[in-house]
Amino acid sequence: MLVHLLYFGALRETLGVEQEDIVIPANSKLTDLLALLCDRGGIWETLQDPNRGLRAAIDQEFAELDDVLKDGCEVALFPPVTGG
């Protein structure tokens, strides 16, 4: 199935990509998608670093790692937002 990825903030700067479409197996969870991205190696491996505080949204709704992705969904990945 195909999902559309969007990268925001410092994550976009670090990875050097704004968006992409990626094919993943049916019934994949968000955690499976992150593992697939981490398999690219290098800087991509930091996506599963729990200290990074990565946030995600599926179709503009905050998501949990065990959420199942659907064909054609939009997945947004972004660093935690802080304010002051």
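Because the structure is predicted, anything quoted here is derived from the model rather than measured.

A word on the overall build of the protein. Within the protein one finds two helices and five strands. Secondary structure elements of the protein occur, N-terminal to C-terminal, as β-α-β-α-β-β-β. Expected size for 84 residues packed as a compact globule is a radius of gyration near 12 Å; at 12 Å, the protein falls within 12% of this value. For the C-alpha atoms alone, the extent of the protein along its principal axes is close to 40 × 30 × 20 Å. By the burial criterion, 35% of the 84 residues in the protein qualify as buried. Counting only contacts in the protein whose residues sit at least 6 apart along the sequence, the fraction spanning at least 24 positions is 51%. Taken as a whole, the protein presents about 5,200 Å² of accessible surface, with 49% of it coming from carbon and sulfur. In the protein, 6 positive and 15 negative side-chain charges are present, and the distance between their average locations comes to 2 Å.

Our next topic: the pairing of strand 1 (residues 2–7). Bridging between strand 1 and strand 2 (residues 19–23) involves five bridges; their strand directions are antiparallel. Counterpart to Leu5 in the pairing with strand 2 is Glu20. Here strand 1 pairs with strand 5 (residues 74–78) via four bridges, running parallel. Opposite Leu5, over in strand 5, you have Val75 as the bridge partner.

Take the packing of aromatic side chains next. On inspection of all chains with the given rule, the structure shows two aromatic pairs. With a centroid separation of 5.8 Å and an interplanar angle of 75 degrees, the aromatic rings of Tyr7 and Trp44 are classed as edge-to-face. In this pair, Tyr7 sits in strand 1 while Trp44 sits in the loop between helix 2 (30–38) and strand 3 (55–58), placing the two residues 37 residues apart along the sequence. Taking the relative accessible area as the measure of exposure, Tyr7 reaches 0% and is therefore buried. Across from the ring centre of Trp44, 4.4 Å away, lies the NZ or CZ of Arg40, which sits over that ring.

Next up on the list: the side chain of Ser28. Locating Ser28 in the fold gives a position in the loop between strand 2 and helix 2. Overall, Ser28 belongs to the buried group, its relative accessible area being 5%. When residues no more than four places from it in sequence are discounted, the contact partners of Ser28 are Met1, Asp67, Val68 and Leu69.

Procedures and definitions
- Residues numbered from 1 in each chain as written.
- Predicted model: local features only at pLDDT ≥ 70, side-chain atom pairs only at ≥ 80, totals over all residues.
- Heavy atoms only, no water.
- Helix = DSSP H or I, 4+ residues; strand = E, 2+ residues; numbered from the N terminus.
- Rg over C-alpha atoms; globule rule 2.2 N^0.38 Å.
- Buried < 20%, exposed > 50% of the residue type's maximum accessible area, 1.4 Å probe, protein only.
- Contact = heavy atoms within 4.5 Å.
- Areas by Shrake-Rupley, 256 points an atom, 1.4 Å probe, with all protein chains shown as cover.
- Lys, Arg positive; Asp, Glu negative; His and termini not counted.
- Charge placed at Lys NZ, Arg CZ, Asp CG, Glu CD.
- Pairing = 2+ DSSP bridges.
- Phe/Tyr/Trp six-rings, centres within 6.5 Å; stacked < 30°, edge-to-face > 60°.
- Lys NZ or Arg CZ within 6 Å of the ring centre and 35° of its normal.

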